[in-house]
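Secondary and tertiary structure notes
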Amino acid sequence: MAVMVFLKSVADIALAFLVFGPAAVHFGAAVPSCIVTFAAISISQVLSYLVDQKKPSLRMIPYVIPLFSVLLPGRCLAWAILCGVVFAYQIFTGATHRYMAEDTAQKKIFKLTLGLIVAMLVILLIAAAKPVSYTIVILSSLISAACSILLMRSLRHEPEVYGKFSYQAVNLAVIAVVGVITAVIGSRPVLKGLGLVIKTAYTAIAYAFLFVFNYVMRFVVWLFHTLKQLFAGDPVPPQPQKPVQIDMDGAREMFPQISEYNGLPLWVKIAGLVVLIAIVAFILAMIFRKLAGGRAQALGAQAAAYSKGAEEEKKRFSGQVQGVRKQYRKYLSMIEKEGLEIEPDDTSEDICAKAPDIYGGEAARELRALYIDARYNRTASKAAAERARELVREMKKEKNTGSI
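Overview of the structure. Just so it is clear, the structure is predicted and the values come from calculations on it, not from any experiment.

Cut-offs and rules
Residues numbered from 1 in each chain as written. Predicted model: local features only at pLDDT ≥ 70, side-chain atom pairs only at ≥ 80, totals over all residues. Heavy atoms only, no water. Salt bridge = Lys/Arg side-chain N within 4 Å of Asp/Glu carboxyl O. Helix = DSSP H or I, 4+ residues; strand = E, 2+ residues; numbered from the N terminus. Buried < 20%, exposed > 50% of the residue type's maximum accessible area, 1.4 Å probe, protein only. Axes fitted to C-alpha atoms, helices over the stretch in contact; angles between N-to-C directions. Parallel < 35°, antiparallel > 145°, perpendicular 65-115°, else oblique. Contact = heavy atoms within 4.5 Å. Nonpolar A, V, L, I, M, F, W, Y, C, P; charged D, E, K, R; others polar.

1. A closer look at the pattern of salt bridges
Summed over all chains, the structure comprises six salt bridges. The residue K8 makes a salt bridge to D12 at a minimum N-O spacing of 3.1 Å. Note that K8 and D12 are positioned in helix α1 (residues 2-26) at a spacing of four residues, about one turn of the helix. Accessibility assignment for this pair places K8 and D12 in one class, buried. The partner of R387 in a salt bridge is E390, with the nearest N and O atoms 3.4 Å apart. Here E390 and R387 lie together in helix α13 (residues 382-403), a separation of three residues that amounts to about one turn.

Pasting the structure below:
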């Protein structure tokens, strides 16, 4: 379980560094000092969880460890604000016993990380940020996404499954591999190559937009002057123009190079670029949607031949699974009537262990096994549903007999 707490802590810290790290570094925060402080915070979070399992009243003591980071060199106000916010969040999770990740929340964090990396790279390109800012965004997003994937992989199972050493050893090995990959990506040659690719793509898009925008503005000006002459009270007769001779062999004269500056403010250029990218993305989305619709229509006839039997089997199968889960809910209701308080974070194993003798015996353990199979494996036969109903009846009968 300590590995799960460590993964959640690293995922949260990496996400915070992804968003606020570039700004903190811009205002003087040293990256090595931030990394050491974050490591101390993660260690204190894991130790707090381990202490909480033995003596909950002492779980806040390990949070003293990150305070020694004030002795690190290169401290500044930006470093203090960034690390202070992360430290405060970790203390909050420990004070509220929220050490473990939740599957739904972790999926949202993973999707948020994927969206933030694109947004942050665009912001850094527009702001002409330092190369170290790109390093922070790329590596932080990679680490946060990797930890989120490992957490979601583990949370698909029961605690007794992902709590095994062999299972968590795989998570630790993956984190080690991710650490090596981030070290390679963070090297100067790789970052320089990535920066060159991103800068080239950005420059090509910007020049293409300025080229189109320049000719659109020329067309608007020409149209304005034409309409003005057409509807003016005193129309000016067209003046004879000198014939224009173009050197067909001169490519530079036919396609003049457009300078980066065209007289418009920077915010106008940025807004136009964003609008152009949005239009292109919309067109591509409509094209892919059309193609996907055509493919779905082509496969519809083939799927219809199997759908009827599959739906009947699904209904029958789902009904048996729900039958087992319904009997387990009856079992929980019976326990609560006996005065046993079930906490939100109690697992089925915890409930079975705390239940009275009648509801914690062999019948209860067999019902729990059927419930786990039905809930997590989505499998249950008709015999399993009947057996679950029979087990609940046996416990009711044993309770009534004992009360007499």
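2. So, the packing of helix α2 (residues 31-54) against helix α3 (residues 77-95)
Each packed pair of helices is defined by two parameters, the angle between the axes and the distance between the axes. Direction vectors running N to C along α2 and α3 enclose 10°, while the axes themselves pass 10 Å from each other. Of the possible angle classes, the one that applies to α2 and α3 is roughly parallel. Of the residues in α3, those touching α2 at S33, C34, T37, F38, I41 and Q45 are W79, L82, C83, V86, F87, Q90, T93 and G94. Split into classes, the residues belonging to the contact of α2 with α3 amount to eight nonpolar, six polar and no charged.

Interpretation note: all reported values are geometric properties and have no functional meaning in isolation.
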